[in-house]
Amino acid sequence: LNSNYELPHLIKNKDDILQFEHLKSIPNFTGNFAISKKILLIDKNFSKDKNLRNKIILIESADPGYDWIFGKKLSGLVTMFGGANSHMAIRANELGIPSVIGAGDQFYDFWIKYNFLSIDCSKKKVEVLS
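The subject of this paragraph is the nonpolar core. Across soluble globular proteins, nonpolar side chains have a tendency to be buried as a group. Judged by nonpolar contacts, the single largest core of 16 residues is most densely connected at Ile69, Phe70 and Leu77. Of all the secondary structure elements, the ones that give two or more residues to this core are strand 2 (34-42), strand 3 (56-59) and helix 1 (87-95). Ranked by residue count, the leading element in this core is helix 1, at three residues. Residues in contact with Ile69, not counting those within four places in the same chain, are Ile42, Leu52, Leu74, Leu77 and Met88.

Here it is as structure tokens:
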């Protein structure tokens, strides 16, 4: 029953559940160059034997338990949740992997519908290619 309802991320009082507006997120970009690659979604149905090499990986939220993805030669990383100081942002920056961390649900849900993305970290821009 609960999954049929959408609630705000922050509830301060009971009136907050009756009417609210999702705020547009401002993603954090790491790196300072551009890439255009095929995307691969990592979700609850993901099989770890899939090839991540040279792909932009999209994952909702990635704690240190997902550190294994960095050993798979990915080209880029996009997360729905997280911030500039999150574990994944720091690791991507250390390894020189362009990333969009904390894109928010509106951007993320739009991007996962496509096959290819272009990420330009220096311009803080993501484009859908197809």
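We are not done yet, so read on.
With that settled, consider the pattern of salt bridges. A side chain of one charge can pair with a side chain of the opposite charge when the charged atoms of the two come close. A complete count under the given rule lists three salt bridges for this structure. Here Glu94 makes a salt bridge to Arg91, at a shortest N to O gap of 3.1 Å. Of this pair, Glu94 and Arg91 both sit in helix 1, separated by three residues, roughly a single helical turn. Under the relative-accessibility criterion, Glu94 is labelled exposed at 54%. The residue Glu127 makes a salt bridge to Lys125 at a minimum N-O spacing of 3.9 Å. With a relative accessible area of 38%, Lys125 lands in the partly exposed category. Among the ionic contacts, a cluster of salt bridges with common partners joins Asp67, Arg91 and Glu94.

Calculation notes
Each residue is numbered by its place in its chain's sequence as written, counting from 1. Given that this is a predicted model, residues contribute local features only at a pLDDT of at least 70 and side-chain atom pairs are listed and counted only at 80 or more, while totals for whole chains, interfaces and linings are drawn from all residues. Note that the side-chain values use all heavy atoms of the structure and ignore hydrogens as well as water. To qualify as a nonpolar core, a set must consist of buried Ala, Val, Leu, Ile, Met, Phe, Trp, Tyr and Cys residues joined through side-chain atoms within 4.5 Å. The buried label applies to any residue whose accessible area, calculated with a 1.4 Å probe on protein chains only, is under 20% of its type's maximum; exposed applies above 50%, and partly exposed to all values in between. Only DSSP runs of H or I covering at least 4 residues are called helices, and only runs of E covering at least 2 are called strands; the numbering of each starts at the N terminus. Note on contacts: a residue pair is in contact if any heavy atoms of the two residues lie within 4.5 Å. Whenever a carboxyl oxygen of Asp or Glu lies within 4 Å of a side-chain nitrogen of Lys or Arg, that contact is scored as a salt bridge.

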